[in-house]
Amino acid sequence: MGNVRWVLALISFLAITLFSCSKPPSPHDALKTYTSYWTKQQFAKMYDMLSEETKKTVGKEQFVDRYKKIYGDIQVSHLSVAPVPVQTDKKDGDKTEISLPFSVKMDTVAGPVQFRHEAKLVKEQSNDKEQWRIKWDPSYIFPQLGPNDKVRLNITPGKRGEIIDRNGQPLAMNGTAYEIGVIPGQMGDNAETIKQKLASLLGVSPEIITEKLNAPWVRPDYFVPIQKVSKTDKRVEEARRIQAVAVKETPEREYPLGAAAAHLVGYVGTITKEEWEAKKDEGYSPTSRIGKRGLEELWEGRLRAHDGARLYIEKADGSTVTIAETKPRDGETIAVTIDAKVQQAIYREMKGRAGTAAAIHPQTGEILALVSSPSFDPNRFVLGLSSSEYAKWQNDPLRPLVNRFAATYAPGSAIKPIIAAIALEQGAITPKETKTIHGRRWQPDRSWGNYFITRVHDGPERVDLTKALVYSDNIYFAMAGLELGPERMESGLRSFGFGEKPPFPYPIPASRFSNSGSLKTGPQLADTAYGQGEMQMSILHLAAAYTPFVTGGDLLQPVLEKGQPKTVWKQGVISSQTAAIVAGDLVRVVADPNGTAHDAYIKSIPLAGKTGTAELKQEKGTQGKENGLFVAYPADRRDLLLALLIEGVENDGGSRYAVNAAKRIFTSLH
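Report on the accompanying structure. Treat the numbers as computed from the prediction; the structure is a model and nothing was measured.

1. Points about the overall build of the protein
Next up, step 1: Within the protein, the regular secondary structure consists of 23 helices and 25 strands.
Next up, step 2: Against the compact-globule benchmark of 26 Å for 670 residues, the protein has a radius of gyration of 37 Å, which places it well outside the compact range.
Next up, step 3: Viewed in the frame of its principal axes, the protein has a C-alpha envelope of about 120 × 85 × 50 Å.
Next up, step 4: Sorting the 670 residues of the protein into buried and exposed places 49% on the buried side.
Next up, step 5: Considering only contacts in the protein between residues 6 or more positions apart, those separated by 24 or more positions represent 67%.
Next up, step 6: About 32,100 Å² of surface is accessible on the protein, with carbon and sulfur atoms providing 49% of the total.
Next up, step 7: Looking at charge distribution, the protein has the averaged site of its 86 positive side-chain charges lying 1 Å from that of its 78 negative ones.

2. Observations concerning helix α16 (residues 416-426)
Next up, step 1: The element α16 is extensively covered by neighbouring structure, given that nine of its 11 residues are classed as buried.
Next up, step 2: A positive phi of about 75 degrees marks Gly-427, the residue just after α16.

3. Some remarks on the packing of aromatic side chains
Next up, step 1: In this structure the tally under the stated criterion is 26 aromatic pairs.
Next up, step 2: Arranged with centres 5.7 Å apart and planes meeting at 80 degrees, the rings of Phe-43 and Tyr-71 form a pair that is edge-to-face. Pair noted here: Phe-43 is in helix α3 (residues 43-48) and Tyr-71 is in helix α5 (residues 60-73), with a separation of 28 residues, a long-range link. Of the two residues, Phe-43 and Tyr-71, neither departs from the other in class, the shared state being buried.
Next up, step 3: Taking 5.3 Å as the distance between ring centres and 70 degrees as the angle between the ring planes, the aromatic pair formed by Tyr-476 and Phe-477 counts as edge-to-face.
Next up, step 4: Looking at Tyr-476, the relative accessible area reads 1%, which means it is buried.
Next up, step 5: According to the relative accessible area criterion, Phe-477 is buried, its value standing at 0%.
Next up, step 6: Pairwise contacts between aromatic rings join Tyr-34, Trp-38, Phe-43, Tyr-47, Phe-63, Tyr-67, Tyr-71, Phe-102, Trp-136 and Tyr-140 into one cluster.
Next up, step 7: Its guanidinium or amino end placed over the ring of Trp-276, Lys-280 lies 5.1 Å from that ring's centre, counting from NZ or CZ.
Next up, step 8: Directly above the aromatic system of Phe-452 lies the positively charged group of Arg-441, at a separation of 3.8 Å from the ring centroid.

4. Quick notes on the nonpolar core
Next up, step 1: If you look at the biggest cluster of nonpolar residues, it comprises 130 residues, and the most contacted ones within it are Ile-346 and Phe-549.
Next up, step 2: When residues in this core are grouped by element, the largest group, nine residues, is from helix α18 (residues 474-495).
Next up, step 3: Apart from the residues lying within four places of it in its own chain, the contact partners of Phe-549 are Pro-417, Ile-418, Ala-421, Ile-574, Ala-579, Val-582, Ala-583, Leu-586, Tyr-633 and Arg-638.

5. Some words on the side chain of Asp-149
Next up, step 1: Looking at where Asp-149 falls in the secondary structure, it is placed in the loop between β4 (129-135) and β5 (150-156).
Next up, step 2: A polar contact of 2.7 Å, which involves the side chain of Asp-149, links it to the backbone nitrogen of Gly-146.
Next up, step 3: At a separation of 3.0 Å, a polar atom in the side chain of Asp-149 contacts the main-chain amide nitrogen of Ala-316.
Next up, step 4: Residue contacts for Asp-149: discarding those within four places in its chain leaves Arg-66, Gln-144, Ile-313, Glu-314, Lys-315 and Ala-316.

6. A few points about the pattern of salt bridges
Next up, step 1: The full count for this structure, using the stated rule, is 34 salt bridges.
Next up, step 2: A salt bridge links Glu-366 to Arg-166, with the nearest nitrogen and oxygen atoms 3.3 Å apart. Linking Glu-366 in the loop between β15 (355-360) and β16 (367-373) with Arg-166 in the loop between β6 (163-164) and β7 (170-182), this pair joins segments that are 200 residues apart in sequence.
Next up, step 3: In this structure, the salt-bridge partner of Asp-473 is Arg-455, at a minimum N-O distance of 2.8 Å. Taken together, the residues Asp-473 in the loop between α17 (465-470) and α18 and Arg-455 in the loop between β19 (453-454) and β20 (462-463) connect sequence positions 18 residues apart.
Next up, step 4: Overall, Arg-455 belongs to the buried group, its relative accessible area being 3%.

7. Some points on the pairing of strand β13 (residues 320-326)
Next up, step 1: As paired elements, strand β12 (residues 308-314) and β13 share six bridges and run antiparallel to each other. Its bridge partner lying in β13, Arg-310 is registered against Glu-325.
Next up, step 2: Between β12 and β13, which follow one another and run antiparallel, lie five residues, and Gly-318 among them has a positive phi close to 95 degrees.

8. Structural notes on the sheet that holds β12
Next up, step 1: The sheet built from three strands is open, its strands ordered β5-β12-β13 with antiparallel pairing. Each having just a single partner strand, β5 and β13 make up the two edges of the open sheet. Strand-to-strand, the axes of this sheet are offset by a mean angle of 20 degrees, without reference to chain direction.
Next up, step 2: With seven bridges joining them, β5 and β12 adopt antiparallel strand pairing. If you follow Arg-152 over to β12, its bridge partner there is Tyr-312.

9. Quick notes on the sheet that holds strand β2 (residues 97-108)
Next up, step 1: One open sheet accounts for four strands, arranged β1-β2-β3-β4; its pairing is antiparallel. On the outer flanks of this sheet lie β1 (77-83) and β4, each paired with one strand and no other. With direction set aside, neighbouring strand axes in the sheet form an average angle of 25 degrees.
Next up, step 2: Sheet topology places strand β3 (residues 111-126) next to β4; seven bridges connect them, and they run antiparallel. Residue pairing for β4: Leu-121 is matched across the bridge by Ile-134.
Next up, step 3: Sitting on the sheet, helix α2 (residues 27-39) touches β1, β2, β3 and β4, and the angle it makes with β1 is about 175 degrees.

10. Points about the packing of helix α13 (residues 340-349) against helix α23 (residues 655-669)
Packed helices, taken two at a time, are described by their axes: the angle between them and the distance between them.
Next up, step 1: At a minimum axis separation of 9 Å, α13 and α23 run at an interaxial angle of 145 degrees. For the element pair α13 and α23, the recorded crossing hand is right-handed. Seen from α13, the contacting residues are Lys-341, Val-342, Ala-345, Ile-346, Arg-348 and Glu-349; seen from α23, they are Ala-661, Arg-664, Ile-665, Ser-668 and Leu-669.
Next up, step 2: Per-class residue counts for the contact of α13 with α23 are six nonpolar, one polar and four charged.

11. Structural notes on the packing of α16 against α18
Next up, step 1: As a packed pair, α16 and α18 sit with axes 9 Å apart at the nearest point and diverge in direction by 70 degrees. As far as their axial angle goes, α18 and α16 are roughly perpendicular. Between α16 and α18 lies a crossing whose hand is left-handed. Residues Lys-416, Ile-418, Ile-419, Ala-420, Ile-422, Ala-423 and Gln-426 of α16 form the contact with α18, whose own contacting residues are Asn-474, Phe-477, Leu-484, Arg-488, Met-489, Gly-492 and Leu-493.
Next up, step 2: When grouped by side-chain class, the residues that make up the contact of α16 with α18 number nine nonpolar, three polar and two charged.

12. A look at the environment of Val-382
Next up, step 1: Along the chain, the position of Val-382 falls in helix α14 (residues 378-383).
Next up, step 2: Sequence spacing of Val-382 and Val-76 is 306 residues, and the spatial spacing of their C-alpha atoms is 29 Å.
Next up, step 3: For Val-382, the contacting residues outside a window of four places in its chain are Glu-252, Arg-253, Tyr-255, Tyr-267, Val-268 and Arg-289.

13. Structural notes on helix α22 (residues 576-591)
Next up, step 1: The terminal C-alpha atoms of α22, which comprises 16 residues, lie 23 Å apart, in line with the 22 Å expected from a rise of 1.5 Å per residue.
Next up, step 2: Listed in full, the buried residues belonging to α22 are Thr-578, Ala-579, Val-582, Ala-583, Asp-585, Leu-586, Val-589 and Val-590. Viewed along the axis of α22, the buried residues span an arc of 165 degrees, placing them on a single side of the element. Exposed residues pointing more than 90 degrees away from the buried face of α22 are listed as Ser-576, Gln-577 and Ala-580.
Next up, step 3: Among the structural elements, α16, α17, α21 (548-551), β23 (607-616) and β24 (625-634) are those in contact with the buried residues of α22.

Reading the values: the criteria
Residues numbered from 1 in each chain as written. Predicted model: local features only at pLDDT ≥ 70, side-chain atom pairs only at ≥ 80, totals over all residues. Heavy atoms only, no water. Helix = DSSP H or I, 4+ residues; strand = E, 2+ residues; numbered from the N terminus. Rg over C-alpha atoms; globule rule 2.2 N^0.38 Å. Buried < 20%, exposed > 50% of the residue type's maximum accessible area, 1.4 Å probe, protein only. Contact = heavy atoms within 4.5 Å. Areas by Shrake-Rupley, 256 points an atom, 1.4 Å probe, with all protein chains shown as cover. Lys, Arg positive; Asp, Glu negative; His and termini not counted. Charge placed at Lys NZ, Arg CZ, Asp CG, Glu CD. Phe/Tyr/Trp six-rings, centres within 6.5 Å; stacked < 30°, edge-to-face > 60°. Lys NZ or Arg CZ within 6 Å of the ring centre and 35° of its normal. Core = buried A, V, L, I, M, F, W, Y, C linked by side-chain atoms within 4.5 Å. Polar contact = N/O pair within 3.5 Å; in protein donor to acceptor, adjacent residues only side chain to side chain. Salt bridge = Lys/Arg side-chain N within 4 Å of Asp/Glu carboxyl O. Pairing = 2+ DSSP bridges. Axes fitted to C-alpha atoms, helices over the stretch in contact; angles between N-to-C directions. Left-handed = near helix turned anticlockwise from the far one by under 90°. Nonpolar A, V, L, I, M, F, W, Y, C, P; charged D, E, K, R; others polar. Parallel < 35°, antiparallel > 145°, perpendicular 65-115°, else oblique. Expected span 1.5 Å × (residues − 1). Arc of directions from axis to C-beta.

Bear in mind that shape data such as this cannot, by itself, settle questions of function.
Put into structure tokens, the structure is as follows:
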């Protein structure tokens with residue numbers, strides 16, 4: 001019995017002690033909790049802390065939705081709300097109402113916003129407990145906001161920077177397009193017929209039109225856009241003749257060269273969810289336009305425009321009070337070294353065949369053209385590409401969506417002038433030294449088994465360097481390669497930039513002479529010497545590799561941006577004497593009637609160049625696909641060096657197809 005009395009006494013003592021030690025409710029703690037919820041944008045929890053009087057004037061859903069909408073519209077970020085430190089008074093807890101200061105900081109689309117305000121707190125009885133509640137009013141959102149005022153945001157778009165060629169011709173410009181749409185209130189009783197006609201004209205389903213007309217924002221007198229089209233689209237006039245259909249001009253990105261420069265210039269499109277997640281801290285919104293390919297993507301940071309914004313309060317009397325404002329900032333207009341005329345001429349003369357080309361000024365390194373064929377119209381992506389159109393491009397066996405100038409290919413015999421220069425520099429050959437070659441097949445000894453080097457063309461038995469280049473003699477260059485040996489061959493090719501990513505802003509892969517990064521003596525070394533084996537080059541590197549024959553020995557860095565000074569990538573890769581020897585032989589490759597490039601002979605434009613036919617096959621002795629190459633420049637003017645590759649020419653005379661295409665290009669440009 002005594003133990004029970006002792007336990008009861010202890011419980012009574014603890015209860016009295018706890019009661020006497022419990023803290024009375026504090027308005028300061030309440031405000032601290034409230035501002036913590038606010039910082040985290042937990043608006044529902046904020047509402048739960050409002051006074052009963054406040055809750056009678058504003059519902060929870062209304063309160064939460066208003067905060068979400070305002071903060072969402074003005075793109076609030078880095079929000080920080082906190083009580084302003086004040087000297088506390090022990091008697092604060094005895095009061096029934098108190099005002100306490102708080103501060104708000106946030107970033108918005110219109111710029112930073114910062115203010116101080118006072119929160120009114122009232123003590124209320126709840127569940128037999130006293131609690132401090134927030135006596136809220138709209139000015140807590142912004143101090144200038146009254147009960148009947150509205151928060152407004154006005155966006156002033158900035159202009160995206162344009163891309164222009166060396167002569168000021170636009171490659172990517174801020175132009176206009178037409179938007180075909182419907183005014184619902186004018187459809188009358190013919191709604192279904194109108195939808196069917198317009199859907200058939202635009203190549204969309206009537207359901208898509210219905211969905212757009214049923215959007216929550218649509219009103220009877222509103223223009224509801226259905227599809228964007230180019231200003232040259234012949235469907236515009238037909239659309240205007242359909243009841244309730246209207247056509248409006250709208251700002252849009254334009255690509256005047258269309259497919260001819262699509263892979264180079266790229267296009268813009270709406271940012272994806274993944275892109276936005278990665279870039280939202282850079283000021284992008286979920287509806288931003290962003291560069292998707294080519295230079296539009298590469299130079300997004302420079303081309304991008306920054307919209308201006310004005311965040312303001314519209315008072316009940318119609319007056320306005322500005323909260324924050326930023327001015328629009330246009331993107332940078334970038335001039336490139338590309339010559340639109342050259343770009344279009346090359347693309348046109350490739351006639352839709354699969355292939356690629358690079359044209360550079362061989363005395364400055366300026367890139368005049370980078371072409372991938374076949375291609376696509378980038379304007380279709382901007383205006384709105386249908387899934388069927390995209391599927392057509394994606395399933396095309398010629399793969400128009402693939403950027404071929406960003407790929408690598410076996411250079412074939414087009415590499416022979418570079419191998420000749422390396423061999424001359426290393427003393428492995430001399431210009432007049434001849435090699436005796438019998439027949440069309442050769443191997444150094446029987447250790448090669450059934451592996452032979454084969455001449456593509458019949459040639460003389462005694463072959464010097466000039467004849468080797470004129471006839472494109474594989475056996476001569478295989479012999480020269482074996483004479484060089486793996487180490488000297490590797491060293492020479494590296495001096496020409498093999499194994500290095502070109503110092504060029506566009507993502508062009510490094511060329512390689514083998515998969516392993518080294519060469520073995522024997523068939524691999526011999527094949528490499530005439531551009532086969534495992535050798536791979538980008539078309540731009542191939543073009544740049546010929547610049548030492550024009551500059552007298554310096555390998556120039558490809559330059560894309562206008563105004564960038566001439567830059568040497570590899571200084572003195574060969575001597576001026578070697579450069580002159582090879583350059584002279586390249587003239588003979590075209591001028592000599594026996595030359596593999598004689599089809600390109602133009603009396604008024606004497607060309608220097610070298611052909612190449614790269615065989616793509618699984619094993620020696622089998623028939624496979626062939627790529628035809630031709631690298632050439634006018635020997636007297638030396639103002640345009642063209643490297644051209646056409647795929648699948650095995651039934652078109654091999655490299656002759658590329659030679660004739662190049663001839664048409666030079667003729668049209670000079």
